[in-house]
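Spelled out from the first residue to the last, the chains are:
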Amino acid sequence: MVHQRRAVYALTALSAATFCYVTTEVLPIGLLTLIAPDLGRSRSETGLLVTGYAVVVMIVALPLTRVTRRVPRRPLLAGALGVFAAATAVSALATSYEVLLAARLVSAITNGVFWAVVFPVAISMFPENIRGRIVARLSIGNALGPVLGVPLGTWLGGQAGWRTAFVAMAALGFVTCIAVALLLPSVAPQQSASDVGPMPDRQRFVVLLVATILAVTGAMGAFTYMTVFLLDVSGFAAASLGLLLFVQGSFGVAGTWAVGRVLDRFPLGVVLGLLGLITAAMLGLYGVGSSKILTIPLLAVAGMSFSSLIAGIQHRIMQVAPSTTDMASASLSVAFNFGLAAGSFIGAGLLATAGVRVIPLFGGLLTAAAFALLAFHEMSRKKRRGHETVRRNPDLQPVGHSAAHP
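Residues numbered from 1 in each chain as written. Predicted model: local features only at pLDDT ≥ 70, side-chain atom pairs only at ≥ 80, totals over all residues. Heavy atoms only, no water.

**Concerning the overall build of the protein chain**
Here's step 1: Secondary structure summary: the protein chain contains 14 helices and zero strands in total.
Here's step 2: For the protein chain, the N- to C-terminal ordering of α and β elements is α-α-α-α-α-α-α-α-α-α-α-α-α-α.
Here's step 3: Its C-alpha atoms give the protein chain a radius of gyration of 22 Å, within 12% of the compact-globule value 22 Å for 406 residues.
Here's step 4: With the C-alpha coordinates aligned to their principal axes, the bounding extent of the protein chain is approximately 80 × 55 × 35 Å.
Here's step 5: Burial analysis of the protein chain (406 residues in total) assigns 52% to the buried set.
Here's step 6: Summed over its atoms, the accessible surface of the protein chain is roughly 17,700 Å², and 69% of this surface lies on carbon and sulfur atoms.
Here's step 7: Averaging the coordinates of the 28 positive side-chain charges in the protein chain and doing the same for the 13 negative ones gives two points 5 Å apart. (Helix = DSSP H or I, 4+ residues; strand = E, 2+ residues; numbered from the N terminus. Rg over C-alpha atoms; globule rule 2.2 N^0.38 Å. Buried < 20%, exposed > 50% of the residue type's maximum accessible area, 1.4 Å probe, protein only. Areas by Shrake-Rupley, 256 points an atom, 1.4 Å probe, with all protein chains shown as cover. Lys, Arg positive; Asp, Glu negative; His and termini not counted. Charge placed at Lys NZ, Arg CZ, Asp CG, Glu CD.)

Structure below.
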């Protein structure tokens, strides 16, 4: 086991790295109106800087994780961060749309490897009985990206130009790369205690991935157009949007921190509970979203439950990984990015046809479907196990029934 203090420092560095990746992935959304005219492109073309990024992650995550499975984790993570920082610096210096897009796609390639490896590496540094807590602590950086990184990057871009925001992220990426290289222990992949899921189960793994796609598609479909909903349905002024989104994001960070205290004891219960909460919040926004007073707490619950849900699913996916946890994490990354792209695409279609009012309903129905899928699968497993136990031990049948006459 790694020395406790060094492990905590290394975990902090890895959490900072997740912040860098999440912030940089979606930063062009906040800088859209600045990048598009500067490079002579439309806003829709500039939006491809985010869509293309997600598509590349989906394509490369699994094959690159397989190719690099024998590479020691410290140089792999430090190398990924180094290339990420260099690609982000090139993004800041790009003089054409093509160069910026190419740099973004290179960054996306490192993203696929990074997310596959970072959680298994983090939990390998700590005792097994606190893995859930470590996953939640590492996810703090992930949750801080939308609530802190993107708003600050957008503000910095507005003050000093969009390139300055990318320079700042490149600099933070280089500092994080050095920290990871210095603090992370030298552990070969096959030596990691977290290399194989402790409760391998292919059925549970597949069902969880499908539930993730449903939940992320629904939630991100709603969150992508939440500002439009708050303006057109709830009737908030444009000047209040920043504060409202801060409330949503800050509750997400607090929820991610809090869920770490119970995740190790109730891994499946936490996931189901959070799915239930986000479903209630989404359906609540659809039902009473025209009320400002009710919208604010519902927005906070939605933000808290979704950010915490990501940590819960990440922990659960590594528990039931049928092979190695890095391949399981890579699969989760693919599922998440698929849900992100699908949610944004479907949400755009609903916005153009049915209106923004129905988008939370769409989100709530999909998160409810994810809840139902997981709950039904677990109940079916328990029922099958009960029947198998009775067949193997006829004497355990309920009173009043015999083995010959069930």
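Having seen the model, we can carry on.
**Some remarks on the pattern of salt bridges**
Here's step 1: Enumeration over the complete set of coordinates arrives at five salt bridges.
Here's step 2: Across the salt bridge formed by aspartate 38 and arginine 163, the nearest N and O atoms sit 3.2 Å from each other. Of this pair, aspartate 38 sits in helix α2 (residues 32-38) while arginine 163 is found in helix α7 (residues 162-183), placing the two residues 125 residues apart along the sequence.
Here's step 3: On the basis of relative accessible area, aspartate 38 is assigned to the partly exposed category, the value being 43%.
Here's step 4: A relative accessible area of 27% means that arginine 163 is categorised as partly exposed.
Here's step 5: Salt-bridge contacts for glutamate 378 lead to arginine 204; the nearest nitrogen and oxygen are separated by 2.9 Å. Of the two residues, glutamate 378 is situated in helix α14 (residues 359-392) and arginine 204 in helix α8 (residues 202-224); the sequence distance between them amounts to 174 residues. Side by side, glutamate 378 and arginine 204 carry an identical accessibility label, which is buried. (Salt bridge = Lys/Arg side-chain N within 4 Å of Asp/Glu carboxyl O.)

**Concerning the environment of arginine 133**
Here's step 1: You can see arginine 133 is positioned in helix α6 (residues 131-160).
Here's step 2: Residues in contact with arginine 133, not counting those within four places in the same chain, are Gly260 and Asp264. (Contact = heavy atoms within 4.5 Å.)

**Some words on the packing of helix α12 (residues 292-319) against helix α13 (residues 325-353)**
Here's step 1: Between α12 and α13, the shortest axis-to-axis distance is 9 Å and the interhelical angle comes to 145°. The chirality of how α12 crosses α13 is right-handed. Along its contact with α12, which presents Phe306, Ile310, Ile313, Gln314, Ile317 and Met318, the element α13 presents Thr325, Ala328, Ser329, Leu332 and Phe336.
Here's step 2: By residue class, the composition of the contact of α12 with α13 is eight nonpolar, three polar and no charged. (Axes fitted to C-alpha atoms, helices over the stretch in contact; angles between N-to-C directions. Left-handed = near helix turned anticlockwise from the far one by under 90°. Nonpolar A, V, L, I, M, F, W, Y, C, P; charged D, E, K, R; others polar.)

**Some remarks on the packing of aromatic side chains**
Here's step 1: Enumeration according to the criterion identifies six aromatic pairs in this entry.
Here's step 2: Residues tyrosine 21 and phenylalanine 84 carry aromatic rings whose centres are separated by 4.5 Å and whose planes lie at 35° to one another, so their mutual orientation is tilted. With tyrosine 21 in helix α1 (residues 4-30) and phenylalanine 84 in helix α4 (residues 73-93), the pair connects residues that are 63 residues apart, well separated along the chain. Across the pair, exposure class does not vary: tyrosine 21 and phenylalanine 84 are buried alike.
Here's step 3: Look at tryptophan 162 and phenylalanine 166: their rings are 5.8 Å apart centre to centre, the planes differ by 90°, and that puts the pair in the edge-to-face class. Of the two residues, tryptophan 162 and phenylalanine 166 both sit in helix α7, four residues apart, roughly one turn of that helix.
Here's step 4: The buried category is assigned to phenylalanine 166, whose relative accessible area is 1%.
Here's step 5: Of the aromatic side chains, those joined through ring pairs into one cluster are Tyr21, Phe84, Phe114, Trp115 and Phe119.
Here's step 6: Positioned over the ring face of tryptophan 257 is arginine 137, at 3.7 Å from the centre of the ring. (Phe/Tyr/Trp six-rings, centres within 6.5 Å; stacked < 30°, edge-to-face > 60°. Lys NZ or Arg CZ within 6 Å of the ring centre and 35° of its normal.)

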